[in-house]
Amino acid sequence: MRIIGTGSSLPQQVVTNEDLSKIMDTSDEWISSRTGIKERHLAKEETTVSMSAEAAGRALRNAGIKAEDVDLIIVATITGDYITPSTACEVQAELGAEHAAAFDINAACSGFMFALHTAYAYLQTGIYKTALVVGAETLSKIMDWSDRSTCVLFGDGAGAVVVRAGGEESNEEGNGGGLLAFEQGTDGSRGKVLACEGRKNQNPLVQNPFVPSYVDMDGQEVYKFAVSTVPASILRVLEMSGTAAEDIKYFVLHQANIRIIQSVAKRLKADIEKFPVSLDHCGNVSAASVPILLDEMNQKGMLARGDKIVMSGFGGGLTWASAVIEW
Ligand code: COA
């Protein structure tokens, strides 16, 4: 399975740390020094569906294929516009991808990687040939804007890739490249350290006052989880693929916090220059962060055929997922 196209979409409205400091008790100094985030895009007119469809359309154009050629659409999101229909179903309609089956995946910030691996399973077994994998979030609608310890960290946006079953063109080692190894994992027992409660039952047998719920996070516990789990997961996929860390051109990590990225680089003894960053201008966009970063890299011409890349997502669930791919 190869990634043959990328695309992304960000809301028009940019909100800087300085802007936030005018509406809450925070500062650019606090946010930048602890997280590396300088600004983020926040949706006004945009929705999870509109950004997903725009990112997906751009990925299709980048791949040079038509919507009718897509067999499968998977959208990773925790902030769909509707409970049903899923975001993926709406994207299918927007694109006119009439031959595609479509569904959403909820694995929070690991969602894009879980969706990519799910697409791989379908492609590898020959069930489908071409898939659109999207990560999209409108996180600003589930933030508690009176909780400065969480709302400053997140942003809105969408990223997408087109993947195609292939392998017909072998590389020097005699394999077709693409996805070389992956793993994913879950620790549900620690899930409540990063949570957003769903709607409570309002049926006539129970009396639950309607109280909207927002993201609630124990930042230090999530930090400890990330800096221990992510390097271990990456080391496992490197070993599974028989690749040395030195042979990896880029480590494309979920963009939560620059200090997490620096810590992972240190533990892998890898050059920090190999860890591209988009969190400075996007914040944490959960499932969308890896595909947005990948698209930025692709647009800048940073990715060449044969390059080996690690991608890794981690977050709510708790969940994590890593892969080694050959571009
Ligand atoms: N502006 C100014 N001060 C803030 C603030 C903000 N936006 N948010 C919190 N503070 C204050 C706190 O109230 C606290 O003040 P106190 O000491 O007077 O009580 C102080 O800053 C330190 O807060 P603390 O939560 O201990 O900060 P921290 O050093 O742990 O950093 C995070 C907080 C969230 C940046 C850090 O824990 C982190 O990055 N965790 C990982 C979160 C993450 O990446 N989640 C998503 C994973 S997918």
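What you see is a predicted model, and the numbers here were worked out from it, not measured in a lab. (Residues numbered from 1 in each chain as written. Predicted model: local features only at pLDDT ≥ 70, side-chain atom pairs only at ≥ 80, totals over all residues. Heavy atoms only, no water.)

## Quick look at the sheet that holds strand 12 (residues 308-315)
Move 1: Overall, mixed pairing links the 4 strands, which are arranged 8-13-12-11 in an open sheet. Of all strands in the sheet, those bounded by a partner on one side alone are strand 8 (178-186) and strand 11 (250-253). Each strand of the sheet is rotated relative to its neighbour by a mean of 15°, with strand direction disregarded.
Move 2: Bridge count for strand 11 against strand 12 is 4 bridges, and the pairing is parallel. Bridging from a neighbouring strand, tyrosine 250 pairs with isoleucine 309 of strand 12.
Move 3: The sheet contacts of helix 7 (residues 219-241) involve strand 8, strand 11, strand 12 and strand 13 (319-326), and relative to strand 13 the element is tilted by about 35°. (Pairing = 2+ DSSP bridges. Helix = DSSP H or I, 4+ residues; strand = E, 2+ residues; numbered from the N terminus. Axes fitted to C-alpha atoms, helices over the stretch in contact; angles between N-to-C directions. Contact = heavy atoms within 4.5 Å.)

## Structural notes on the packing of helix 7 against helix 8 (residues 258-268)
How two helices pack is summed up by the angle between their axes together with the distance between the axes.
Move 1: Close contact between helix 7 and helix 8 brings their axes to 9 Å; oriented N to C, the two are set at 40°. Considering their axes alone, helix 7 and helix 8 lie oblique with respect to each other. In terms of crossing hand, the pair formed by helix 7 and helix 8 is right-handed. Taking contact as the criterion, the partners of Tyr223, Ala226, Val227, Ser228, Val230, Pro231, Ile234 and Leu235 in helix 7 are, on helix 8, Arg259, Ile260, Ser263, Val264, Arg267 and Leu268.
Move 2: In terms of residue class, the contact of helix 7 with helix 8 is made up of 10 nonpolar, 2 polar and 2 charged. (Parallel < 35°, antiparallel > 145°, perpendicular 65-115°, else oblique. Left-handed = near helix turned anticlockwise from the far one by under 90°. Nonpolar A, V, L, I, M, F, W, Y, C, P; charged D, E, K, R; others polar.)

## A look at the packing of aromatic side chains
Move 1: Tallying each qualifying case throughout the model produces 5 aromatic pairs.
Move 2: Ring geometry for phenylalanine 103 against tyrosine 122: centres 6.4 Å apart, planes inclined by 55°, an arrangement best described as tilted. Placement of the pair is phenylalanine 103 in strand 5 (residues 101-105) and tyrosine 122 in helix 5 (residues 111-124), with a sequence separation of 19 residues.
Move 3: Under the relative-accessibility criterion, tyrosine 122 is labelled partly exposed at 27%.
Move 4: Ring geometry for phenylalanine 251 and phenylalanine 275: centres 4.7 Å apart, planes at 10°, overall stacked. Here phenylalanine 251 is found in strand 11, whereas its partner phenylalanine 275 is found in the loop between helix 8 and helix 9 (279-282), with 24 residues between them in sequence.
Move 5: Since its relative accessible area comes to 0%, phenylalanine 251 is described here as buried.
Move 6: Members of the aromatic cluster, each reached through a chain of ring pairs, are Phe103, Tyr122 and Tyr128. (Phe/Tyr/Trp six-rings, centres within 6.5 Å; stacked < 30°, edge-to-face > 60°. Buried < 20%, exposed > 50% of the residue type's maximum accessible area, 1.4 Å probe, protein only.)

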